[in-house]
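# Descriptive analysis of the structure
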Amino acid sequence: MKFNLTKEKILNKQFIPSYKGYDPEDVDEFLDLVLKDYSLIEESFKKNDETIVNLKKENELLKTSLRDLKREQELAGLKTTSSKNKPTYANSSLDNLDLLKRCAMYEKKLYSLGVDPSKLK
């Protein structure tokens, strides 16, 4: 984005005096440049506002995904260690009933996707 004016140009602008004050054409030309720059700035603000809104939406989606992943991880009885990022059992005494429930849940999901788990190798 290229602006017509800089703060130095604005501060150092000298208008040509005329019969009744300053030359109106000179002032109009300068104000036209100010208006163009102002329009560019306003357009930039609108784009930045849109970007902020989109990034906030994306951030919320990512937070939701992270919460869902953590919840799935907890349901699976796993947690990651912060140092190695390798899965370890959160509760080493998982009983067979919990394992059977999870297997049934996975089978149900596979059936809903049209896959017969008994045919998997």
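Rules of the game
- Residues numbered from 1 in each chain as written.
- Predicted model: local features only at pLDDT ≥ 70, side-chain atom pairs only at ≥ 80, totals over all residues.
- Heavy atoms only, no water.
- Patch = residues over 30% accessible without salt bridge, like charges linked within 9 Å, V, L, I, M, F, W, Y side chains within 5 Å.
- Areas by Shrake-Rupley, 256 points an atom, 1.4 Å probe, with all protein chains shown as cover.
- Salt bridge = Lys/Arg side-chain N within 4 Å of Asp/Glu carboxyl O.
- Lys, Arg positive; Asp, Glu negative; His and termini not counted.
- Charge placed at Lys NZ, Arg CZ, Asp CG, Glu CD.
- Helix = DSSP H or I, 4+ residues; strand = E, 2+ residues; numbered from the N terminus.
- Phe/Tyr/Trp six-rings, centres within 6.5 Å; stacked < 30°, edge-to-face > 60°.
- Buried < 20%, exposed > 50% of the residue type's maximum accessible area, 1.4 Å probe, protein only.
- Contact = heavy atoms within 4.5 Å.

### Looking at a negative patch on the surface
- Together, Glu25, Asp28, Glu29 and Asp32 line one region of the surface with negative charge.
- As for its placement among the helices and strands, Asp32 is situated in helix H2 (residues 24–75).

### Digging into the packing of aromatic side chains
- For the coordinates displayed, the defined rule picks out two aromatic pairs.
- Each ring, one from Phe15 and one from Tyr22, has its centre 5.7 Å from the other, and the planes form 55°; the classification is tilted.
- Geometrically, the ring pair formed by Phe15 and Phe30 is edge-to-face, given 5.6 Å between the ring centres and 85° between the ring planes. Of the two residues, Phe15 is situated in the loop between helix H1 (7–11) and strand E1 (17–18) and Phe30 in helix H2; the sequence distance between them amounts to 15 residues.
- Given the relative accessible area of 24%, Phe15 is considered partly exposed.
- Three or more aromatic residues link up through ring pairs in this structure, and these residues are Phe15, Tyr22 and Phe30.

### Side note on the environment of Leu40
- Structurally, Leu40 can be placed in helix H2.
- Looking at Leu40, the relative accessible area reads 27%, which means it is partly exposed.
- Sequence spacing of Leu40 and Phe3 is 37 residues, and the spatial spacing of their C-alpha atoms is 7.7 Å.
- Excluding residues that lie within four positions of it along the chain, Leu40 makes contacts with Met1, Lys2 and Phe3.

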